[in-house]
Amino acid sequence: MLVLMTVDWLEWRIVPTGNGIFFDTCAARARCPYPVRRAAWPVAALVPRRMALELALRTFLETSVSLVVVSLPTPHPVWVVFERDVLLADLDAPAVLDRLASSPATTDLSLRELVVRLTRPRLVAPVVMGSDDSIVAVRLFGS
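Quick notes on the rules
- Residues numbered from 1 in each chain as written.
- Predicted model: local features only at pLDDT ≥ 70, side-chain atom pairs only at ≥ 80, totals over all residues.
- Heavy atoms only, no water.
- Phe/Tyr/Trp six-rings, centres within 6.5 Å; stacked < 30°, edge-to-face > 60°.
- Helix = DSSP H or I, 4+ residues; strand = E, 2+ residues; numbered from the N terminus.
- Buried < 20%, exposed > 50% of the residue type's maximum accessible area, 1.4 Å probe, protein only.
- Lys NZ or Arg CZ within 6 Å of the ring centre and 35° of its normal.
- Patch = residues over 30% accessible without salt bridge, like charges linked within 9 Å, V, L, I, M, F, W, Y side chains within 5 Å.
- Areas by Shrake-Rupley, 256 points an atom, 1.4 Å probe, with all protein chains shown as cover.
- Salt bridge = Lys/Arg side-chain N within 4 Å of Asp/Glu carboxyl O.
- Core = buried A, V, L, I, M, F, W, Y, C linked by side-chain atoms within 4.5 Å.
- Contact = heavy atoms within 4.5 Å.

Got a minute to help me understand the packing of aromatic side chains in this structure?
The relative placement of two aromatic rings is captured by the distance of their centres and the angle of their planes. Here the structure, examined in full by the defined rule, presents one aromatic pair. Ring plane angle 75 degrees and centroid distance 5.5 Å describe the contact between Phe 22 and Trp 79, whose orientation is recorded as edge-to-face. One end of the pair, Phe 22, is in strand E3 (residues 20–24); the other, Trp 79, is in strand E5 (residues 79–83), and 57 residues separate them in sequence. For Trp 79, a relative accessible area of 10% puts it in the buried group. The ring centre of Phe 141 lies 3.8 Å from the NZ or CZ of Arg 120, which sits over that ring.

And the structure:
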């Protein structure tokens, strides 16, 4: 299970991982999962977060997986946690995928805003593994 903590550590919730999948993205020529500084991306980098969003949407549309966790190629562990029901609730996933495919450039401001809106609140830092095989992760930003 994954225990998601708020930034201030005052609230938490449990996310079951039994029907989940983990992806590890990696920068070119980097030693992952956490590359050295010269090969790492900052947490705010758009390209890996966009890739994470596309992985999650494609996984949800093509499988019955309920949780997608994507490790970003950052100098310290950072994951993007996507829950099927939460992500797809107010989102037309096929339309977003079409939008991602039709605009590969990172200069499209509205697409950048969409990627930031859909990934920023889902960025977490795994901090500890519990004795029951649970992983505690803290949100990097407030919702």
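Any chance you could explain a nonpolar patch on the surface here in plain terms?
On the surface, a cluster of nonpolar side chains totalling about 320 Å² of accessible area is made up of Met 1, Trp 12 and Ile 14. Here Met 1 is to be found in the segment before strand E1 (2–5). Look at Met 1 and you get partly exposed, because its relative accessible area is 36%.

Whenever I open this one, the nonpolar core confuses me. Can you help?
If you look at soluble globular proteins, the nonpolar side chains tend to sit buried side by side. Judged by nonpolar contacts, the single largest core of 24 residues is most densely connected at Leu 53, Leu 57, Phe 60, Val 68, Phe 82, Leu 87 and Leu 100. Breaking this core down by element, the ones donating at least two residues are helix H1 (46–62), strand E4 (67–71), E5, helix H3 (93–102) and helix H4 (109–119). Ranked by residue count, the leading element in this core is H1, at six residues. Excluding residues that lie within four positions of it along the chain, Phe 82 makes contacts with Ala 52, Leu 53, Ala 56, Phe 60, Ser 66, Leu 67, Val 68, Val 70, Leu 87, Leu 118, Thr 119 and Arg 122. Grouped together as the second largest cluster of nonpolar side chains are nine residues, Leu 2, Leu 67, Trp 79 and Val 81 included.

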